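The lines below spell out each chain.
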Number of protein chains: 2
Amino acid sequence: MKSEERRELVLDAATQVFGESGYQGATTDAVARAAGVSQPYVVRMFGTKEALFLAVVQRALDKLLAAFRVELAAGDDPAECLGRAYVGLLADRGLLLSLMHAFALGTHPEIGALARRGMLEVYRMIREEAGLDADQAGGFLAHGMLINTVIAMRLGEADDPLASELLATVLSPESGRLAGLDETRLSS
Amino acid sequence: MKSEERRELVLDAATQVFGESGYQGATTDAVARAAGVSQPYVVRMFGTKEALFLAVVQRALDKLLAAFRVELAAGDDPAECLGRAYVGLLADRGLLLSLMHAFALGTHPEIGALARRGMLEVYRMIREEAGLDADQAGGFLAHGMLINTVIAMRLGEADDPLASELLATVLSPESGRLAGLDETRLSS
DNA sequence: GCATTTTGTAATCATCCGATTACAACAAAC
DNA sequence: GTTTGTTGTAATCGGATGATTACAAAATGC
């Protein structure tokens, strides 16, 4: 197997592991086992665990922006396009959760800086490229953060009619800001 | 000093430390130093680090619900009351950030369960006691999650006009869902 | 074919950190 | 005044974990 494939394999595994356990909670050994390689290999490939996490976050941001651009290029209503793009990203649960963990570490010198840079790039894109106004953009981001939160906290596992109502509201297409998002996606 | 005071002191310190570093990133030694006591004392007082974190989260949830109830009892427009209550909670940065970290650990057996229980209790309160409909409640929670995120990621430290715009939009009273929240609070 | 680079692992190291133990100071009970 | 319980710490232990080293094996170049 070529080095480049291994690298992608490890980054995929790391995205899942970091998404589930966070930066500090994840271990390089867990990443290695998820990728089917040895722990020293993971470390040597990226130098440090921190560099690996930064690579995971940067890759997640790239995929996020790319997904938005793809939908925007083909679509009509910008808000609807962004919603569809977000749906696609939800398929890879680790991606958005790794980003969420990065956002939560704002005081970390490098992770915090990358998180701020990434968030601003996303905001710039939905403002300037998608053409949303400030209120629409804020609403879109807010809705996205709530989606991330209910996914991260596994609200679907709660056996409570109010949980179902909240999930339906947050994930339903009629909720407005994220058209195209249907509840069937929740099960994945 | 009485035991009860010490306990509150340690919980205050732990809330700050967990809020900044997360559950796994925080150390019992950092909590102890922040509280001005020894590390073994912190551990023995709560048994385990996990139990300490659970106590911090439970206490944060209690304060959150109490703040909502206080404002709701005195106010008129429920949405405006909830917004004012959230402003007060922002003064203690660690409180909302500790909750955010708990929400991000949905797969942890006890932490995840407590996070879901807490989120549902908050949702129940704003739906039944405050009387918001499902869409309003979802919007309120979404806005709150975005506020938590921009605070956690220290977006105020980014030197960028778009960052200022996003912060102003998210934190401005005119943004609708969280009336009463003014930007001057951001500096704290 | 032989040297060299690339790709990978086993074994081990060194540090951090949660937890435990043993003990000191001091007040309260009687 | 001795005992007993409370409040606290110093010292230390043991496991987890990121990182390093040494080495094996396969590809690659000449």
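Residues numbered from 1 in each chain as written. Chains lettered and ligands numbered in written order. Predicted model: local features only at pLDDT ≥ 70, side-chain atom pairs only at ≥ 80, totals over all residues. Heavy atoms only, no water.

1. What to know about the packing of aromatic side chains
Residues and elements named next belong to chain A.
Stage number 1. Following the criterion strictly, the structure yields ten aromatic pairs over all chains and no others.
Stage number 2. An angle of 35° between the planes, with centres 6.3 Å apart, marks the rings of Phe18 and Tyr23 as tilted.
Stage number 3. Looking at Tyr23, the relative accessible area reads 12%, which means it is buried.
Stage number 4. Ring pairs connect the aromatic residues Phe18, Tyr23 and Phe53, which therefore count as one cluster.
Stage number 5. The aromatic ring of Tyr23 is capped on one face by Lys49, whose charged end is 5.2 Å from the ring centroid. (Phe/Tyr/Trp six-rings, centres within 6.5 Å; stacked < 30°, edge-to-face > 60°. Buried < 20%, exposed > 50% of the residue type's maximum accessible area, 1.4 Å probe, protein only. Lys NZ or Arg CZ within 6 Å of the ring centre and 35° of its normal.)

2. What about the pattern of salt bridges?
Stage number 1. Summed over all chains, the structure comprises 20 salt bridges over all chains.
Stage number 2. Two residues, Arg33(A) and Asp29(A), come together in a salt bridge whose shortest N-O distance is 3.0 Å. Pair noted here: Arg33(A) and Asp29(A) are both in helix α2 (residues 28–35), with a separation of four residues, about one helical turn.
Stage number 3. The salt bridge involving Glu80(B) is made with Arg84(B); its shortest N-O contact spans 3.8 Å. (Salt bridge = Lys/Arg side-chain N within 4 Å of Asp/Glu carboxyl O. Helix = DSSP H or I, 4+ residues; strand = E, 2+ residues; numbered from the N terminus.)

3. Quick look at the protein's contact with DNA strand C
Stage number 1. As a structural note, the neighbourhood of DNA strand C is formed by 15 residues, with Arg6(A), Ser38(A), Tyr41(A), Arg44(A) and Thr28(B) the closest of them.
Stage number 2. Among atoms of DNA strand C positioned within 4 Å of the protein, sugar and phosphate together represent 56%.
Stage number 3. At a separation of 2.5 Å, a phosphate oxygen of DNA strand C approaches a polar side-chain atom of Ser38(A).
Stage number 4. In the environment of DNA strand C, a base nitrogen lies 2.6 Å from a nitrogen or oxygen atom belonging to the side chain of Arg44(A).
Stage number 5. Breaking the surface near DNA strand C down by element, the ones donating at least two residues are α1 (3–25) and α3 (39–46) of chain A together with α2 (28–35) and α3 (39–46) of chain B. (Near = heavy atom within 4 Å. Polar contact = N/O pair within 3.5 Å; in protein donor to acceptor, adjacent residues only side chain to side chain.)

4. Quick look at the relation of the copies chain A and chain B
Stage number 1. Of the transformation placing chain A onto chain B, the axial shift is 0.0 Å and the rotation is 180°, giving an RMSD of 0.0 Å. Taken together, the rotation and translation relating the two chain copies correspond to the operation of a two-fold axis. Across chain A, the smallest distance between a C-alpha and the rotation axis is recorded for Ala142(A), namely 2.4 Å. (Least-squares fit on C-alpha atoms with pLDDT ≥ 70 in both.)

5. Concerning the interface of chain A and chain B
Stage number 1. The interface is formed by 40 residues belonging to chain A together with 40 residues belonging to chain B.
Stage number 2. Counting the surface lost from both chain A and chain B, the interface buries some 3,600 Å², and carbon and sulfur atoms represent 71% of this.
Stage number 3. Where chain A touches chain B, the interface holds two salt bridges.
Stage number 4. The partner of Arg127(A) in a salt bridge is Glu165(B), with the nearest N and O atoms 2.6 Å apart.
Stage number 5. Here chain A and chain B share ten residue pairs in polar contact (both at pLDDT 80 or more) between them.
Stage number 6. Breaking the side of chain A that touches chain B down by element, the ones donating at least two residues are α1, α6 (93–103), α7 (109–129), α8 (134–152) and α9 (161–171) of chain A.
Stage number 7. The dominant element in the side of chain A that touches chain B, judged by the number of residues it contributes, is α8(A), at ten residues.
Stage number 8. In the side of chain A that touches chain B, the residues fall into 19 nonpolar, ten polar and eleven charged. (Contact = heavy atoms within 4.5 Å. Buried area = accessible area lost by both parts, 1.4 Å probe. Nonpolar A, V, L, I, M, F, W, Y, C, P; charged D, E, K, R; others polar.)

6. Observations regarding the protein's contact with DNA strand D
Stage number 1. In the region of DNA strand D, 16 residues are neighbours, and Thr28(A), Arg6(B), Ser38(B), Tyr41(B) and Arg44(B) sit closest.
Stage number 2. Each atom of DNA strand D within 4 Å of the protein belongs either to a base or to sugar and phosphate, the latter forming 54%.
Stage number 3. Residue Ala26(A) places a main-chain N or O atom 3.4 Å away from a phosphate oxygen belonging to DNA strand D.
Stage number 4. One nitrogen or oxygen atom from the main chain of Lys49(A) is found 2.9 Å from a phosphate oxygen belonging to DNA strand D.
Stage number 5. Elements that contribute at least two residues to the surface near DNA strand D include exactly α2 and α3 of chain A together with α1 (3–25) and α3 of chain B.
Stage number 6. By residue number, the principal contributor to the surface near DNA strand D is α3(B), which donates three residues.
Stage number 7. Residue composition of the surface near DNA strand D, by class: five nonpolar, six polar and five charged.

7. Quick notes on the environment of Ala142(B)
Stage number 1. Take Ala142(B): it is sitting in helix α8 (residues 134–152).
Stage number 2. Overall, the relative accessible area of 6% leaves Ala142(B) in the buried class.
Stage number 3. Not counting chain neighbours up to four residues away, the residues in contact with Ala142(B) comprise Ala142(A), His143(A) and Leu146(A).

8. Some remarks on the nonpolar core
Stage number 1. Core analysis: the largest hydrophobic core is formed by 141 residues, its most contacted members being Leu52(A), Phe68(A) and Phe68(B).
Stage number 2. Ranked by the residues each element gives to this core, the list is headed by helix α4 (residues 49–74) of chain B, at twelve residues. (Core = buried A, V, L, I, M, F, W, Y, C linked by side-chain atoms within 4.5 Å.)

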